[in-house]
Amino acid sequence: MNQGDERRTIRVLVAEDMCLLRETLVASLELEADIEIVAALDSGAAIVRTAITTRADVAIVDIDLPDVDGLTAAAELRERHPACRVLILTALASPAHLKRAMDIGAGGFVLKDSPRHELVCAVRTVAAGGRVLDADLACSALRMPANPLTDREVEVLRCFSEGADPRDIAARLHLSYGTVRNYLAATVTKLQARNRVDAVRLATDSGWL
């Protein structure tokens, strides 16, 4: 390979927790002369560190990753290593997930059952600075209302969704018990939810948690 070809090689990181799918993605992409797989991960915790050390150009990131979910990892990656473009991998694209992905600057979405040539095309498009978005899904995402919750309210509601009670949340976030109760009450009111559990459901469905 000459020097000019080397400059055009796309360095790709794959983060997918299902072993068979991860190996299939790697094997499929490695068939392309202009694509080099620099890392294959099974969780979200090491995405940012690995993308930086391998100088990845594109990170293909599954949403449902253990340790750190794909969208959270993608947001951190865009902040700490913006040269690496993000392509979200998902089994079922929802407008809420797409809207959050767009908000954090992801280059696009690829469904897990997409044909191989679409995946390859998406990698090249994203690496070149373009976006890969389904038009109908993008329109639905843009019509979704903005998140009415503050960052702290989201943080408190996320802790509650993980099973922590208000006293545990207060200790974890260094807040008073009364303040946590007020935050939870505010989330219920803002989301017009029936209760805290319903608030978690509504926030999750909207991609805000």
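Residues numbered from 1 in each chain as written. Predicted model: local features only at pLDDT ≥ 70, side-chain atom pairs only at ≥ 80, totals over all residues. Heavy atoms only, no water.

Peer 1: So what about the overall build of the protein? Which residues, and what values?
Peer 2: A tally of helices and strands in the protein yields 11 helices and five strands. Put simply, 63% of the contacts in the protein that link residues at least 6 apart link residues at least 24 apart. Just so you have it, the protein exposes about 10,900 Å², and 51% of that area is on carbon and sulfur atoms. (Helix = DSSP H or I, 4+ residues; strand = E, 2+ residues; numbered from the N terminus. Contact = heavy atoms within 4.5 Å. Areas by Shrake-Rupley, 256 points an atom, 1.4 Å probe, with all protein chains shown as cover.)

Peer 1: How would you explain the sheet that holds strand E5 (residues 108-111) if you had to name every residue and give the values?
Peer 2: Here we have five strands laid out as an open sheet, ordered E2-E1-E3-E4-E5, and parallel in their pairing. Looking at strand neighbours, the two that pair on one side only are strand E2 (35-41) and E5, the edges of this open sheet. Mean inter-strand twist for the sheet, computed between neighbouring axes without regard to direction, equals 25 degrees. Sheet topology places strand E3 (residues 58-62) next to strand E4 (residues 85-90); five bridges connect them, and they run parallel. Within E4, the residue paired with Asp62 across the bridge is Leu89. Relative to strand E1 (residues 10-15), helix H3 (residues 47-54) is tilted by about 160 degrees, and along the sheet it contacts E1, E2 and E3. The strands touched by helix H4 (residues 70-80) within the sheet are E3 and E4, with E4 carrying the most contacts at an inclination of about 175 degrees. (Pairing = 2+ DSSP bridges. Axes fitted to C-alpha atoms, helices over the stretch in contact; angles between N-to-C directions.)

Peer 1: Lay out the packing of aromatic side chains in plain terms, naming residues and giving numbers.
Peer 2: Applying the stated criterion across every chain, the model contains zero aromatic pairs. When the ring centre of Tyr177 is taken as reference, the NZ or CZ atom of Arg167 above it lies at 4.0 Å. (Phe/Tyr/Trp six-rings, centres within 6.5 Å; stacked < 30°, edge-to-face > 60°. Lys NZ or Arg CZ within 6 Å of the ring centre and 35° of its normal.)

Peer 1: Report on the confidence of the model for the protein, specifying residues and quantitative values.
Peer 2: Averaged over the protein, the pLDDT score is 88; the fraction of residues at 70 or greater is 89%. In this model, residues 1-5 is a region of pLDDT below 50 whose contacts with residues beyond four sequence positions or in other chains number three contacts. (pLDDT = per-residue confidence, 0-100.)

Peer 1: I'd like to hear about the pairing of E3, residue by residue, with values.
Peer 2: Among the five residues that make up E3, five are buried, leaving the element largely enclosed by the rest of the structure. Neither face of E3 is left uncovered, since the one carrying Val58, Ile60 and Asp62 and the one carrying Ala59 and Val61 both have all their residues buried. For E1 and E3, the ladder comprises four bridges, and the chain directions are parallel. In the sheet register, Val12 faces E3, and the bridge partner there is Val58. For the segment spanning E3, H4 and E4, crossover handedness is right-handed. (Buried < 20%, exposed > 50% of the residue type's maximum accessible area, 1.4 Å probe, protein only. Right-handed = clockwise from strand over helix to strand, strands pointing away.)

Peer 1: Explain the packing of helix H2 (residues 19-29) against helix H6 (residues 116-127) to me, and be specific about the residues and the numbers.
Peer 2: Contact pair H2 / H6: the axes reach a minimum separation of 11 Å and the direction vectors enclose 70 degrees. Of the possible angle classes, the one that applies to H2 and H6 is roughly perpendicular. For the pair H2 and H6, the contacting residues are Leu25, Ser28 and Leu29 in the first and Arg116, Leu119, Val120 and Val123 in the second. Class assignment for the residues of the contact of H2 with H6 results in five nonpolar, one polar and one charged. (Parallel < 35°, antiparallel > 145°, perpendicular 65-115°, else oblique. Nonpolar A, V, L, I, M, F, W, Y, C, P; charged D, E, K, R; others polar.)

Peer 1: So, the nonpolar core: which residues are in play, and what are the values?
Peer 2: If you look at the biggest cluster of nonpolar residues, it comprises 26 residues, and the most contacted ones within it are Leu13, Ile47, Leu77, Val86 and Ile88. Among the secondary structure elements, those contributing two or more residues to this core are E1, E2, H3, E3, H4, E4 and helix H5 (95-103). Sequence-distant contacts of Ile88, defined by excluding residues within four places in its chain, comprise Val61, Ile63, Leu71, Ala74, Ala101, Ala106, Gly108, Phe109 and Val110. (Core = buried A, V, L, I, M, F, W, Y, C linked by side-chain atoms within 4.5 Å.)

Peer 1: For a negative patch on the surface, give the residues involved together with the corresponding values.
Peer 2: A contiguous patch of negative charge, built from Asp17, Asp42, Asp64 and Asp67, is present on the exposed surface. Position of Asp64 among the secondary structure elements: in the loop between E3 and H4. (Patch = residues over 30% accessible without salt bridge, like charges linked within 9 Å, V, L, I, M, F, W, Y side chains within 5 Å. Salt bridge = Lys/Arg side-chain N within 4 Å of Asp/Glu carboxyl O. Lys, Arg positive; Asp, Glu negative; His and termini not counted. Charge placed at Lys NZ, Arg CZ, Asp CG, Glu CD.)

Peer 1: Give me helix H10 (residues 177-190): which residues, what numbers.
Peer 2: If you check H10, its first and last C-alpha atoms are 20 Å apart, about what 14 residues at 1.5 Å a residue would give, namely 20 Å. Of all the residues in H10, the buried ones are Val180, Leu184, Ala186, Thr187 and Val188. At its buried positions, H10 is contacted by helix H8 (151-161), helix H9 (166-173) and helix H11 (196-205). At the C-terminal side of H10, Gln192 shows a positive phi close to 55 degrees. (Expected span 1.5 Å × (residues − 1).)

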